[in-house]
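# Architecture at a glance
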Amino acid sequence: MKAKLKVVISGGGTGGHIFPAIAIADAIKRRFPESDILFIGAKGRMEMERVPKAGYPIEGLWISGFTKDLSSLSLPFKLASSLAKARKILKRFKPDVVIGVGGFASGPTLKAANWLHIPTVIQEQNSYPGKTNRNVGQKAKAICVAYEKMDQWFPKERIHLTGNPLRANIAVNANRDEAAAYFKVDSSKPVVLLVGGSQGALGINKGISAQLEAFKASDMQLIWQTGKFYYEQAVAQVKEAGLEDKVKPTIFIDRMDLAYAIADVVISRAGAMSISELALVQKPVIFVPLPTAAEDHQTKNAQRLVDAQAAIMVRNSETEQKLVSTLKQLVDDKAMQEQMKVNIGKFARPNAADDIVEQIVKIIE
């Protein structure tokens, strides 16, 4: 096996695609430090900013998804342009393997790789794969998945249950008191962590806002990641309720290791990466799936854990009526919390990135 690999990683659009892509790149670099890694993303999407910050070069394609407005009229032209540019990049870079993680850019990049007879690998984060991965996965040499029973979409003999590769800063190494001081909460009382994604979650935010008074009569404290669009409203509501000592709104949480260290219970969307992180840190969780997620895949993700008694699910439409009451029941039921920790831990795959690299190595060999 040569010491220097040349690898293209393509996809993005959301953190759920970008973070595992970067984690795979980091794992390749750890094992083969001399490797050249190039990302291919979609112009104007999140990966064009996040990937360079992680230290990797990226090239952008003119590509987007289907919408119901007039902008979709340009989609055939975007696809033709992206296929041509992806082919040009691959012919110039000459990668040993191309890895697709889902997202707009992944489709044309992997199709171009197939045309050029470059081996491809798919990393599918969700229990219900997206259209891009379902399409290009049929010709992939390996399909690395996070859930069992994926052979209804991919060739069974090429599926590998690796789990989702995670960003490096989520491991819980901090102690509870350090985390309590960082977030200005009381470590002796229950702490709830609400994370709705990098942009926040309107349905979850409204559910908490509707029942803020419940925190007055409870020992519960809340670290509330609101997202930038709801932050000012949340701050005003907390101040009006006189709950500044118990409820801590924040736009974004940089120190997720500290957040997980202090959290007794978590409220979260049911994106694949959120689930993988929560399984690794073994936290009792209430999932509120994003109803507009493609093909309702977040509900399917959450249901897998609910069926295993590893999580609770509250529908987005029911947050104002049920979220806080469900939360109080879970916070008060320590036995249920302990059982959920054990059950969700069974979904953890801490070596996912290295296992994916092992599949890549086998293909290149």
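The sections below set out a description of the structure shown in this document. All residue numbers refer to position in the chain's written sequence, counted from 1. Totals for whole chains, interfaces and linings use all residues, but because this is a predicted model, local features are given only for residues with pLDDT of at least 70 and pairs of side-chain atoms are given and counted only at 80 or more. Just so you know, side-chain values use all the structure's heavy atoms and leave hydrogens and water out.

### Observations concerning helix 10 (residues 272-281)
Partly exposed residues are those whose accessible area sits between 20% and 50% of the maximum for their type, while under 20% is buried and over 50% is exposed, using a 1.4 Å probe and protein chains only. Here a helix means four or more residues in a row that DSSP labels H or I, a strand means two or more in a row labelled E, and each is numbered from the N terminus. Most of helix 10 sits inside the fold, with eight of its 10 residues counted as buried. Residues of helix 10 that are buried: Ala272, Met273, Ile275, Ser276, Glu277, Leu278, Ala279 and Val281. Where the residues of helix 10 are buried, they touch helix 1 (15-31), helix 9 (256-262), strand 11 (265-268), strand 12 (285-287), helix 11 (297-307) and helix 13 (334-345). Once helix 10 finishes, Gln282 follows within two positions and takes phi at roughly 55°, a positive value. Contact definition: two residues touch when any of their heavy atoms are within 4.5 Å.

### Describing the sheet that holds strand 5 (residues 120-124)
Backbone-to-backbone hydrogen bonds join strands into a sheet, with any given pair of strands oriented parallel or antiparallel. At least two DSSP bridges between two strands are required for those strands to pair. Within the open sheet, the seven strands sit side by side as 3-2-1-4-5-6-7. Their pairing is parallel. Pairing within the sheet leaves two strands with one partner each, and these edge strands are strand 3 (58-61) and strand 7 (159-161). Recorded for the sheet is a direction-independent mean angle of 20° between the axes of neighbouring strands. Across four bridges, strand 2 (residues 36-42) lies against strand 3 in parallel orientation. Counterpart to Gly41 in the pairing with strand 3 is Gly60. To define axes, lines are fitted to C-alpha atoms, for helices over the stretch in contact only, and angles between the resulting N-to-C directions are given on a 0 to 180 degree scale.

### Looking at the packing of aromatic side chains
For Phe, Tyr and Trp, where Trp contributes only its six-membered ring, two rings pair if their centres lie within 6.5 Å, and the inter-plane angle classes them as stacked under 30 degrees, edge-to-face over 60, or tilted in between. Counted according to the given criterion, the structure contains four aromatic pairs. Judged by centre distance (5.1 Å) and plane angle (75°), the ring pair of Tyr128 and Trp153 falls under edge-to-face. Linking Tyr128 in the loop between strand 5 and helix 5 (131-136) with Trp153 in the loop between strand 6 (142-145) and strand 7, this pair joins segments that are 25 residues apart in sequence. The exposure class of Trp153 is buried, given its relative accessible area of 18%. Each ring, one from Tyr182 and one from Phe183, has its centre 4.9 Å from the other, and the planes form 80°; the classification is edge-to-face. Residue Tyr182 is classed as partly exposed on the basis of its relative accessible area, which comes to 43%. One cation-aromatic arrangement involves Lys6 over Phe93; the distance from NZ or CZ to the ring centre is 4.5 Å. Lysine and arginine charges are scored as sitting over a ring when NZ or CZ, respectively, is within 6 Å of the ring centre and within 35 degrees of the ring normal. It is Lys300 that lies over the ring of Tyr128; its NZ or CZ is 4.7 Å from the centre.

### Regarding the pairing of strand 2
Burial within strand 2 is extensive, with six of its seven residues counted as buried. If you view a crossover with the strands going away from you and the path from the first strand over the helix to the second runs clockwise, you call it right-handed. Crossover handedness for the path strand 1 (residues 6-10) to helix 1 to strand 2: right-handed. Crossover connection from strand 2 via helix 2 (residues 47-53) to parallel strand 3: handedness right-handed.

### Description of the environment of Ile122
Relative to the helices and strands, Ile122 resides in strand 5. As for Ile122 and Met256, which are separated by 134 residues in sequence, their C-alpha atoms are 27 Å apart. Once residues lying within four places of it in the same chain are set aside, the contact partners of Ile122 are Gly100, Leu110, Asn133, Val136, Gly137, Ala140, Ala142, Ile143 and Cys144.

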